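# Understanding the architecture of this molecule
Single-letter residue listing:
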Amino acid sequence: MRNRKKIFYTAIAFQTVGIAQAMTLPESPAVTREPAPVEKVFVPQGFDDNDNVEVIVQGRFPDACMKTGPVGKTINAGTKTISLKPEVYAYRGEPCAQVIVPFIQRVSLGTLPEGEWRISVEGMPAVSPLPLVISKARSASPDDFLYAPVEEVVLLPAMLGSKQKLVISGNWPMLQTAGCFALVEMRVRTGADNTLVVQPISQILPPSRCSVQASRKRVFQKSVLLEKPLTADSLIHVRTLNGESLNKFFEGQ
């Protein structure tokens, strides 16, 4: 009887050890914060002193073990200078796929006083963005226009002898009053740093100008042909209804 108990307890002990080993999780890889490999800071133009100003940090990760991290910023209103400190999370405990990974990161600067601002990236003197020009707002509204809530932007490649086509799409929000939305114009302009600024201008129409289909339809899409082709390493910057932006990096074809 004692031998049976001994065998039973021994079996339980081995089972317990096995369960403990099964529940032991592998150690998580080491994660460090390192300076981001920034190549360029895109500076969209057209902001007023009551806008939420944004700039876009762009670069390429040397492998698949880096992810975008926080961006520190120091804003000096007296000298009208902005210093950025972009960082990445580097995962060094596991093998990495050796691929070049492009990244962009939107940096919100809040509202800035009118004037010409200079931007620098800490530790990277070779990165010299264009000046950020802030204009005086012409009204108390956050934007000069009512922008569409764009959720997707696609640049279609140009066929032989044709122009590139830019296509935006999204869903209209629910209106609390009668009427309907209409996307009336899509303005595009390219800055000196190859930032293509897209303004999808919309309106809220009264019920008398809305068809039954327009009143019910929430999905929208609009396209425009670009007069000048977008070159490699450009940024597509689309203003949106929520006061922020939708950004895509165009590497070229």
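Right, let's walk through the structure included here. (Residues numbered from 1 in each chain as written. Predicted model: local features only at pLDDT ≥ 70, side-chain atom pairs only at ≥ 80, totals over all residues. Heavy atoms only, no water.)

## With respect to the overall build of the protein chain
- Counting its regular elements, the protein chain contains two helices and 17 strands.
- Buried positions account for 34% of the 253 residues belonging to the protein chain.
- The contacts in the protein chain between residues at least 6 apart in sequence include a share of 69% that link residues at least 24 apart.
- As presented, the protein chain carries roughly 15200 Å² of accessible surface, and 56% of it is formed by carbon and sulfur atoms. (Helix = DSSP H or I, 4+ residues; strand = E, 2+ residues; numbered from the N terminus. Buried < 20%, exposed > 50% of the residue type's maximum accessible area, 1.4 Å probe, protein only. Contact = heavy atoms within 4.5 Å. Areas by Shrake-Rupley, 256 points an atom, 1.4 Å probe, with all protein chains shown as cover.)

## A closer look at the sheet that holds strand β15 (residues 219–225)
- Strand order in the open sheet formed by three strands is β11-β12-β15, with antiparallel pairing between adjacent strands. Edge positions in the open sheet fall to β11 (150–156) and β15, since each of these has one partner strand only. Looking at each pair of strands side by side, their axes are set apart by 15 degrees on average, direction ignored. (Pairing = 2+ DSSP bridges. Axes fitted to C-alpha atoms, helices over the stretch in contact; angles between N-to-C directions.)

## Describing the pairing of strand β13 (residues 180–190)
- Alignment of β13 against strand β14 (residues 195–205), held across ten bridges, turns out to be antiparallel. Bridge assignment links Arg 187 to a residue of β14, and that residue is Gln 199.
- Counted between consecutive antiparallel strands, the loop separating β13 from β14 contains four residues, among which Asn 194 sits at a positive phi close to 65 degrees.

## Concerning the nonpolar core
- Counting 25 residues, the largest nonpolar core has Val 41, Val 55, Ile 82, Leu 84, Leu 109, Leu 112 and Leu 132 as its most contacted members.
- Elements with a contribution of two residues or more to this core: β2 (38–42), β4 (53–61), β5 (66–76), β6 (81–91), β7 (101–110), β8 (115–121) and β9 (132–135).
- Apart from the residues lying within four places of it in its own chain, the contact partners of Leu 132 are Val 43, Pro 44, Gln 45, Phe 47, Val 53, Ile 82, Leu 109, Leu 112, Gly 115, Glu 116, Trp 117 and Ile 119.
- Grouped together as the second largest cluster of nonpolar side chains are 20 residues, Val 150, Ile 168, Leu 230 and Leu 246 included. (Core = buried A, V, L, I, M, F, W, Y, C linked by side-chain atoms within 4.5 Å.)

## Comments concerning the packing of aromatic side chains
- Here the structure, examined in full by the defined rule, presents five aromatic pairs.
- For the ring pair Phe 42 and Phe 249, a centre distance of 6.3 Å and an interplane angle of 55 degrees mean the geometry is tilted. With Phe 42 in strand β2 and Phe 249 in strand β17 (residues 245–250), this residue pair connects regions lying 207 residues apart in the sequence. Across the pair, exposure class does not vary: Phe 42 and Phe 249 are buried alike.
- Put simply, the rings of Trp 172, Phe 181 and Phe 220 pair up and form one aromatic cluster. (Phe/Tyr/Trp six-rings, centres within 6.5 Å; stacked < 30°, edge-to-face > 60°.)

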